[in-house]
Amino acid sequence: MFKRIVYEDWATIVPIISFIATAGVFFIATIRALCLPRHRCDQLASIPLSKTPDEP
Amino acid sequence: MPTTSITYDDKTVRRFMTASIFWGIIGMLVGVLAATQLSWWQMNGKFLEMLSFGLLKSEGLSYITFGRIRPLHTNAVIFAFVGNMVFAGVYYSTQRLCRVRTASDWLSRIHFWGWQLIIVGAAVTLPAGLTRGKEYAELIWPLNIGVVVIWVIFGVNFFWTLAKRNERSLYVSLWFYIATIVTIAMLYVVNHLSLPTSLVHSYPIFGGVQDGLVQWWYGHNAVAFFLTTPILGIMYYFLPKAADRPVYSYRLSIIHFWALVFIYIWAGPHHLLNTSLPQWLQTLGMLFSLMLWAPSWAGMLNGLLTLRGAWDKLRTDPVIKFFATAVTFYGMATFEGPLLSIRAVNALSHYTDWTIGHVHSGALGWNGFMAAGMFYWLAPRLWKTKLWSTTLANMHFWIGLVGILLYVAAMWVAGITQGLMLSETNPGGATLKYEFVETLRSINIHYALRAFGGTLYLVGFLLGAVNIYMTARSGKATDDTVEVEIMVTGKKHRMTLKEAFSGDPVIYLVLSHLFMVLWFFLPPHADKAALLVAIGLGIKGVIVFRANPGSWATYFSRLIENHLPFTILIFITAAVGGVVQIIPSLLVNRAANVEDRVQEIYTPLELAGRDIYVAEGCYNCHSQMIRTLVPDVLRYGPGPTEGYSRLGESIYDHPYQWGSKRTGPDLSREGGALVTGSTVMRLGKRDNLWHFNHLIDPRQTSPGSNMPPYAFLFEAKADVKSLPGKIAAQSTLGVPWPAMTKDAIEQSARDQGFEIATALVKAGAFLPGKPDLSPELLRRELAETEGVALIAYLQKIGAYHTVGKPALKPAPALDPDATRATTR
C-alpha cells in the first residue's frame, strides 16, 4: 500500500539524488566549456556574423 | 573548397512574421477584453446591449464569458503570437547558421498553413466551450492530433535542414531549437493523452493528483520550452547580429544551455506547493526552481554583455532598445520565478494575481519585446528597404514599456494585497477577518489599472504593426541569395551513436551517478561499497581528464558537429526530470493512494454538470484544493474532520480541477450530504435556490461579485444522450462506476434533474425572462437544463467517504528535550 507516509520517505532521498545528478551535469558542462580552446571559442561565437550579406 | 549559390526561403519567414503580428493583435485584444471583465462584469456580454441601444438583449453572452475567453487569450498569445514569431526566427536563423536553404518548401508550406488552421480551430472551439479543461492544454483532441502532426513536420524539416548544412558546427541557437523541438513533443504528447468520447470531447487519461502533476510538468515547461528556450536561441542569433559583435561568452553559453535544459523540467511541481501533492515532489519542485536562478541569469548576463561596446546604439537603434529591455525583463522574471517557488512566499502568492503579474512580465516584457526587436530587425531585410519610421518604433517602445510597468505593478500590489487579506485573522487568530468578496473589491482598482496597462501595450503593438506594414509596402519581398562553401563531411567528422554514448564524459558521469543512487538503496555495507565505487569513479574520471584534457574537448567539439547524437543526449537530459517525477506517481496503486478519504462517484447528472463546469472554464477562477495552510483551512475547510484537501478527494476527477488562481472562492467543500429521503439529491453549504439565483445573477447573492451571469445555462438542455459513452470511457480509465444500462443512465439523470427542479420551484425560483410560467411548466422547463445539472455537481463537490486510516507515524521530535522524554 502506497500511503502518504511512503511519500515522505521519498522526500529525503529523491531531491538529494536529483541535486547530485544536476551538479554532475553542471560540472561536466563547465569542464567542457573551460576546455574549449580560445580560438575555437571565437570561431564558434562568430558563426552568425560571418559570410552573411543580409544588410538592408 | 567548392562553392555553390543558394537562395534562402524567406517567404516562409515573411509569412510567419505576418501571422505572428496578426494573431498578436487578436490575442492581446482578447486579453484586454478579459481584463476589463474582471472590473466590469457587464463586459461579459451585457455591454452589447448598451452598444446596440437595447437591440441585442443579453445579460451575458456565453461565447465571451471570462471562463471561455481566458483560455482563448492564453492560447492565442502562447501558440499563435509567440509560436509564429518563433517559427519566423527559427526559419530565418537556421538557414543562415547552416548556410543552406530549408530542406523542403513543401513541408514549410504545410507547417505554416497547418499551424494557422489549428489556431483558427482554437479560435472557434474555445469560445464555443469545447475544452479539455487544463490550462494551456485546452484544445480538443482532434486539434491536439493536428498540433502533433504539424510539430513533427516542423521537426522533420528542421532536422533535414541540419543534415544538409554547409556549416560543420551547430551554433548555440540551434542547440536551443533542438531542445525546444524534442522536449515540447515529449511534454505535449504525455499531457494530451486522452480517451475520446465524441469528436469534440475527451477525458484525460490521468486523474486527480496524477493529472495535476502531469499538467504542471507540461504547463511549467510550456513556459520553459515554448516561451524561453526558442527565444533564447533567437536571442543568441539576433542580438549579436543587431550589435554586430559576437556573443559575450561562448563558454558561458555552453554552461547556460546544459544547465537550463537539465534543470528546467524538474520545476513543475512548484505550481502545487502546499497542496496534497506528495511532499517529496513539492521539495523537488522548490529545490530545482531555486537552482534555476543560476542558468537563467547566466543567459541574461550573456545577452546583456553581448552589448558591451554597443550601448551607444541603445539611444538610436530601436532594435537594440527592444532587445536590451527584453533581456532585462527575462532577468527580472527569472529572478521572481524562483522567489515565488519558495514555499513560504508561495503560500502568500499562489492563487493570487501576483502570479499573473509574474507571467505577464515574462510574456509582455521578454517575449513581446523580443518579438518586436526581431520584427524591426527582420522587416527591412526581408523587404530590402529601410524601416519606415524609427520615431514610431520608439513610440511603440515607450508606450509598451509604460504599459508593462503599469500592468505588472498593478498585479504585484493586487496579489500581495489579496494574499495578505485572505490570511488575516481577527484578534485571537481563530477567525478570518475578511470575506473573499471583500478582497476582490479591494483590488478592483488594480484590475482597472491592469486593463489600462494592457491597452497601452496593445496600442504600442498596433503602432509596431503599422510600422512593419508600411516598411513592407515601401520595399519589395526579396529572398537573399548567397555563395557558400560546400561542406565535405569525411568519416573522421562523423560520430556514431556508439561513440557518443561511450565517450569518457558520458561513461564517468552515468556510472558515478548510478553508484551514487545505489548508495541510497542498497542494504548496509553494500551501500558503503557503492559509495566508495562512486568516489573511485569520480577520481578515475579526474585522472583520465588530466591525462588527456584534449580528448574531452574533442569529444564535445565532435558532438556539436553531429546533430543526431547531440539531439538524443538533449532528449535524455530533458527527460530525466520528468521520468523521476512522473513514473513513481503513475505506478502507485491509485485506490490505495488516498490517505483516509475516497471520493464519492458522481451520479450521471452530476457528471454532466461537471462537464459543463469544465466547459465553462470555472477552474479559471475557482480552485478545488484547500491547501495545507491554516488560513486556507479556516476559510474553506472548517470542522474537525474536514480540514485540507486530501489526495483521495479528487482521485477520480478527469480532468483534475485544483485550479491555479482564485478570482472566486475555493469550492472544495461546496458539496454536502444526501437530503433525507432522497437517494440522489444533496445539500451542501448552500441550498439549491441560492445556487440558482447565483447563476442567474451572481450579485443577487454575492454583492460585489465580478462573476458573469450564467442565465444562459437555464436555456440550454444538458447533454444526457452522451452520458453512457462518457461513463464507459471513465470506467475504462479506472473510475469504479456501478454497472448501469444506457437507459438507466439517462433515466437517472432525468430523475435527479426533476427532483432538483421540483425543489427549486417549491423554494420560489423563477426565470427572469419567463416570470409567468406555472409551477408545473417551470419545473419541466428547468429539469433538463444545463443549469440544474451544474447545481447537481456543485452540491456534490468534495463528497467523500472515509476509509481505514493509515497507521500514525510518531511525531518527529522537535527539540532535544522531547527526544530525551521518548527515549528514557
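Because the structure is a prediction, the values reported are computed rather than measured.

Visitor: Go over the side chain of Thr275 of chain B with me, naming the residues and quoting the values.
Guide: Inspection of the secondary structure puts Thr275 of chain B in the loop between helix H9 (250–264) and helix H10 (279–291). A polar side-chain atom of Thr275 of chain B sits 3.1 Å from the main-chain amide nitrogen of Leu277 of chain B.

Visitor: Describe a nonpolar patch on the surface, listing the residues and the values that go with them.
Guide: Residues and elements named next belong to chain B. A surface patch of nonpolar side chains, amounting to about 520 Å² of accessible area, comprises Val148, Val152, Val156, Trp160, Val189, Leu193 and Ile205. For the nonpolar patch, the leading source of residues is helix H5 (residues 141–163), giving 4 residues. Tracing the backbone through its elements, the reader meets Ile205 in the loop between strand S3 (201–204) and helix H7 (208–225). Taking the relative accessible area as the measure of exposure, Ile205 reaches 32% and is therefore partly exposed.

Visitor: Run through the environment of Ala88 of chain B, naming residues and quoting values.
Guide: All names here are of chain B. As for its placement among the helices and strands, Ala88 is situated in helix H3 (residues 66–98). Relative accessible area serves as the criterion here: at 0%, Ala88 is assigned to the buried category. In sequence terms Ala88 and Leu378 are 290 residues apart; their C-alpha atoms lie 9.5 Å from each other. When sequence neighbours within four positions are dropped, the list of residues in contact with Ala88 reads Val13, Phe16, Met17 and Met374.

Visitor: I'd like a description of the confidence of the model for chain B, backed by residues and values.
Guide: The predicted model of chain B averages 90 in pLDDT, with 95% of residues at 70 or higher. With pLDDT under 50 throughout, residues 818–824 of chain B is counted as low confidence; its partners more than four residues away or in other chains account for 1 contact.

Visitor: Describe the UniProt feature "binding site: heme b 2; high-spin" (unreviewed entry) in chain B, naming the residues involved and giving the relevant values.
Guide: Residues and elements named next belong to chain B. The feature "binding site: heme b 2; high-spin" (unreviewed entry), as given by UniProt, occupies His358 in the numbering adopted here. Considering the arrangement of structural elements, one finds His358 in helix H15 (residues 353–382). Residue class for His358 comes out buried when judged on its relative accessible area of 18%. In contact with His358, not counting residues within four places along its chain, are Ala333, Glu336, Gly337 and Leu340. In this structure the side chain of His358 is engaged in a polar contact, spanning 3.0 Å, whose partner is the side chain of Glu336.

Visitor: So what about the nonpolar core? Which residues, and what values?
Guide: Formed by 187 residues in total, the largest nonpolar core has its most connected members in Tyr250 and Phe566 of chain B. Examining the composition of this core, we find that 18 residues originate from one element, H3 of chain B, more than from any other. In this structure, Tyr250 of chain B is in contact with Leu36, Cys41, Leu44 and Ala45 of chain A together with Leu170, Val172, Trp175 and Ile560 of chain B, ignoring residues within four places of it in sequence. With 50 residues, the next largest nonpolar core counts Cys618, Ala711, Ala765 and Val788 of chain B among its residues.

Thresholds, definitions, all that
Residues numbered from 1 in each chain as written. Chains lettered and ligands numbered in written order. Predicted model: local features only at pLDDT ≥ 70, side-chain atom pairs only at ≥ 80, totals over all residues. Heavy atoms only, no water. Helix = DSSP H or I, 4+ residues; strand = E, 2+ residues; numbered from the N terminus. Polar contact = N/O pair within 3.5 Å; in protein donor to acceptor, adjacent residues only side chain to side chain. Patch = residues over 30% accessible without salt bridge, like charges linked within 9 Å, V, L, I, M, F, W, Y side chains within 5 Å. Areas by Shrake-Rupley, 256 points an atom, 1.4 Å probe, with all protein chains shown as cover. Salt bridge = Lys/Arg side-chain N within 4 Å of Asp/Glu carboxyl O. Buried < 20%, exposed > 50% of the residue type's maximum accessible area, 1.4 Å probe, protein only. Contact = heavy atoms within 4.5 Å. pLDDT = per-residue confidence, 0-100. UniProt positions renumbered as here; feature names shortened; annotations may be inferred. Core = buried A, V, L, I, M, F, W, Y, C linked by side-chain atoms within 4.5 Å.

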